[in-house]
Amino acid sequence: MNRMKKECVAMLLAGGQGTRLGVLTNDVAKPAVPFGAKYRIIDFPLSNCVNSGIDTIGVLTQYRPFELHQYIGNGQPWDLDRLNGGIFVLPPFMRAKSGEWYKGTANAIYQNIDFIDRYDPEYVVLLSGDHIYKMDYADMLKLHKKQHADCTIAVLDVPIEEASRFGIMNLNEKGEIYEFEEKPKQPKSTKASMGIYIFTWEKLRKYLIEDEADKTSENDFGKNIIPKMLSDNQKMIAYQFDGYWKDVGTISSLWEANMDILHGNSGLNLGDDKWKIYCRNTAEPPHYVSDTATISESLATEGAMIYGTVKNSVLFGSVTIGKGAYVEGAIIMPNAVIEEGADVRYSIVGWNAVVGKNAKVGETQPPSKAGEWKISVIAPNYKVKAGEIVPADKMIGG
């Protein structure tokens, strides 16, 4: 097969189940979860790639892939429907003698060595499909090339009390990584890995093959590949990122990231024409606001029908907020219906769900301390009965 030379190829890991999102990921992979009134989580790394000039992307799927495959399609919304390059969905597949699920992040890339080799790249960008952020990978690649690095890891500073949730590294004065530990119990640094790596492909390819041959390996980048490269004194450097970034792997973080869109000082600006976030749009009519409606500090997108009161909330496409309903601090996902007189606060209502007349969902008051949000969740396709009460921090349906 003829090779189609690309300087850099992106590999996007999008197969995670996202169990901490509970009922929201019972039937879809985490990267396919709706976000920000009109997007999916995966739109952010895909748009970052396109905006960074990377036009060849492999999307590695595994758990509940149908919705994600359907959403990505031929890649047209991100200008990735191309003859040379473009976007490719890469589920696990059967080889001539055998086939197996992706066993870990490193194994997932290993199983797709042939795909990467097809483009004969000098560099590979490895990304996660479930983070909300804007980043120019081209700047990170410039640093990688300037430093003649074997691996460059994007890092951000986190509070020391949160550091044990991340891969933590120590750097010397040149920004070179000399120590890395995956989720340490007693972290010694606040430099956390964002799960964004650039590798020189020739070097990574060698380590992937060696890792696969090691029967004791967990086939994971953070636990195996990165520590092995460090122990072999490969040149590994850190790329400092100072912008907005959030891992939306929990209900509270998903809710917080949606709320961050509503506040101009959060750093998450979706209105920036210089760095657009692209998505697949459905052909819905404009949203409608009735003379009985009141809306403040909220987002509402195509097809929404609003007859009640909406405050500090995010409304997705084709939702209905009934007359006399009250919605505050809530995320109402596509096609959900909040019927007349219902009260929904500090909650996430899944797609196609219904909150019946005069039902009450969620906490009636915000928490007394920052970070103590108790978010209620209504599963997709679930119906809360008329007059039913769903308390704070409750997840129902599914």
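Residue numbers run consecutively from 1 along every chain, following the written order of its sequence. Two thresholds apply to this predicted model, a pLDDT of at least 70 for residue-level local features and 80 or more for giving and counting side-chain atom pairs, whereas whole-chain, interface and lining totals are computed over all residues. Working from all heavy atoms in the structure, the side-chain values ignore hydrogens and water.

Draft legend 1. Molecular detail of the overall build of the chain. In terms of regular secondary structure, the chain is built from 8 helices and 31 strands. What you see for the chain is a C-alpha radius of gyration of 22 Å, in line with the 21 Å of a compact globule of 398 residues. Reported as C-alpha extents along the three principal axes, the dimensions of the chain are approximately 65 × 45 × 40 Å. The rule is simple: take the accessible area with a 1.4 Å probe, protein chains only, and divide by the maximum for that residue type; under 20% is buried, over 50% is exposed, in between is partly exposed. When each of the 398 residues of the chain is scored for burial, the buried share is 53%. Any two residues whose heavy atoms approach within 4.5 Å are treated as being in contact. Look at the contacts in the chain between residues 6 or more apart in sequence, and 59% of them connect residues 24 or more apart. A total of about 18100 Å² of accessible surface is found on the chain, and carbon and sulfur atoms cover 47% of it. One way to put it: in the chain the 44 positive side-chain charges average out to a point 2 Å from where the 50 negative ones average out. Where helices and strands are cited, they refer to DSSP runs of H or I of at least four residues and of E of at least two residues respectively, numbered from the N terminus. Computation of the radius of gyration draws on C-alpha atoms alone. For the globule rule, the value is 2.2 Å times the number of residues to the power 0.38. Every accessible area reported is derived by Shrake-Rupley at a probe size of 1.4 Å, with residue values counting cover from the shown protein chains alone. Positive charges come from Lys and Arg, negative ones from Asp and Glu, while His and the chain ends are left out of the count. By convention, the point assigned to a charge is CZ for Arg, NZ for Lys, CD for Glu and CG for Asp.

Draft legend 2. Inspection of the sheet that holds strand 23 (residues 337-338) at higher detail. Strand pairing is defined by DSSP finding a minimum of two bridges between the two strands. Strand order in the open sheet formed by 6 strands is 14-17-20-23-26-29, and the pairing between neighbours is parallel. Strand pairing shows two members of the sheet lacking a second neighbour, strand 14 (288-289) and strand 29 (383-384), which therefore form its edges. Bridge analysis of strand 26 (residues 354-355) against strand 29 gives 2 bridges, and the strand direction is parallel. Directly across from valine 355, in strand 29, lies its bridge partner valine 384.

Draft legend 3. Region of interest: the pairing of strand 1 (residues 8-13). Most of strand 1 is tucked away: 5 of the 6 residues are buried. Taken together, the 6 bridges between strand 1 and strand 6 (residues 123-128) define a ladder with parallel strand orientation. Each bridged residue has a counterpart across the sheet, and for methionine 11 the counterpart in strand 6 is leucine 126. Looking at chain direction, strand 1 and strand 4 (residues 56-60) are connected through 4 bridges and run parallel. Note that in strand 4 the partner of leucine 12 across the bridge is valine 59.

Draft legend 4. Region of the structure containing the environment of isoleucine 332. Here isoleucine 332 shows up in strand 22 (residues 331-332). A sequence separation of 18 residues divides isoleucine 332 from valine 314, and the C-alpha atoms of the two residues are 6.3 Å apart. Apart from residues lying up to four places away in sequence, isoleucine 332 is in contact with Val314, Leu315, Phe316, Val319, Val327, Ile338, Val344 and Val349.

Draft legend 5. Looking closely at the nonpolar core. In terms of nonpolar packing, the biggest core is built from 95 residues, with Met135, Ile332, Ile338 and Ile348 touching the most fellow members. Here isoleucine 338 is in contact with Thr320, Ile321, Gly322, Ala325, Val327, Ile332, Val344, Val349 and Val355, once residues within four sequence places are set aside. Nonpolar core, defined: a set of buried Ala, Val, Leu, Ile, Met, Phe, Trp, Tyr and Cys residues in which side-chain atoms within 4.5 Å join the residues together. Of all hydrophobic cores here, the second largest spans 33 residues; its members include Phe115, Met169, Tyr197 and Tyr207.

Draft legend 6. Spatial organisation of helix 7 (residues 221-231). Residues Phe221, Gly222, Asn224, Ile225, Ile226, Met229 and Leu230 constitute the buried set of helix 7. In protein, a polar contact requires one atom able to donate a hydrogen and another able to accept it; more generally it is a pair of N or O atoms within 3.5 Å, and residues adjacent in sequence count only if both atoms are side-chain atoms. The opening residue of helix 7, the one whose side-chain oxygen lies 2.9 Å from the backbone nitrogen of glycine 222, is aspartate 220.

Draft legend 7. View of the packing of aromatic side chains. Planes of paired rings set the category: under 30 degrees apart is stacked, over 60 is edge-to-face and the rest tilted, where pairs are Phe, Tyr or Trp rings (Trp by its six-membered ring) whose centres lie within 6.5 Å. If you walk through the whole model with that rule in mind, you get 12 aromatic pairs. A centroid spacing of 5.7 Å and a plane angle of 65° characterise the contact between tyrosine 71 and tryptophan 78, whose relative ring orientation is edge-to-face. One aromatic cluster is present, built from ring pairs that chain together Phe35, Tyr39 and Phe44. Here, a charge over a ring means that NZ of Lys or CZ of Arg falls within 6 Å of the ring centre while also lying within 35 degrees of the ring normal. Here the basic side chain of arginine 40 rests over the ring of tyrosine 71, its NZ or CZ set 4.7 Å away from the ring centre. A cation over a ring is seen here: lysine 206 above tyrosine 207, with NZ or CZ 4.4 Å from the ring centre.

Draft legend 8. Here's a closer look at the layout of surface pockets. Approximately 1200 Å³ is the volume found for the largest pocket. Cavity: a set of points on a 1 Å grid over the protein atoms alone where a 1.4 Å probe fits but cannot get out. Pocket: an open set with protein on both sides within 12 Å along at least five of seven lines, its lining residues, like those of a cavity, having an atom within 4 Å of a point. Surrounding the largest pocket, 42 residues form its lining, Thr105, Ser128, Asp130, Lys183 and Asp220 being those nearest its centre. Mapped by element, the contributors of at least two residues to the lining of the largest pocket are helix 3 (105-110), strand 6, strand 10 (177-182), strand 11 (191-200), helix 7 and strand 13 (245-247). Considering every element that reaches the lining of the largest pocket, the biggest residue donor is strand 11, with 4 residues. Residue polarity follows a fixed list, in which Ala, Val, Leu, Ile, Met, Phe, Trp, Tyr, Cys and Pro are nonpolar, Asp, Glu, Lys and Arg are charged, and the others, Gly among them, are polar. In terms of residue class, the lining of the largest pocket is built from 14 nonpolar, 17 polar and 11 charged. Grid points are joined across faces, edges and corners, and a volume is the space filled by probe spheres set on the points. Of the voids in this model, the second largest pocket is the one considered here, and its volume is about 520 Å³. Surrounding the second largest pocket, 22 residues form its lining, Arg40, Tyr71, Arg280, Thr282 and Pro334 being those nearest its centre. Looking at the lining of the second largest pocket, the elements with two or more residues in it are strand 3 (39-40) and helix 2 (66-72). Examining the composition of the lining of the second largest pocket, we find that 3 residues originate from one element, helix 2, more than from any other. Across the lining of the second largest pocket, the residue classes tally to 9 nonpolar, 7 polar and 6 charged.

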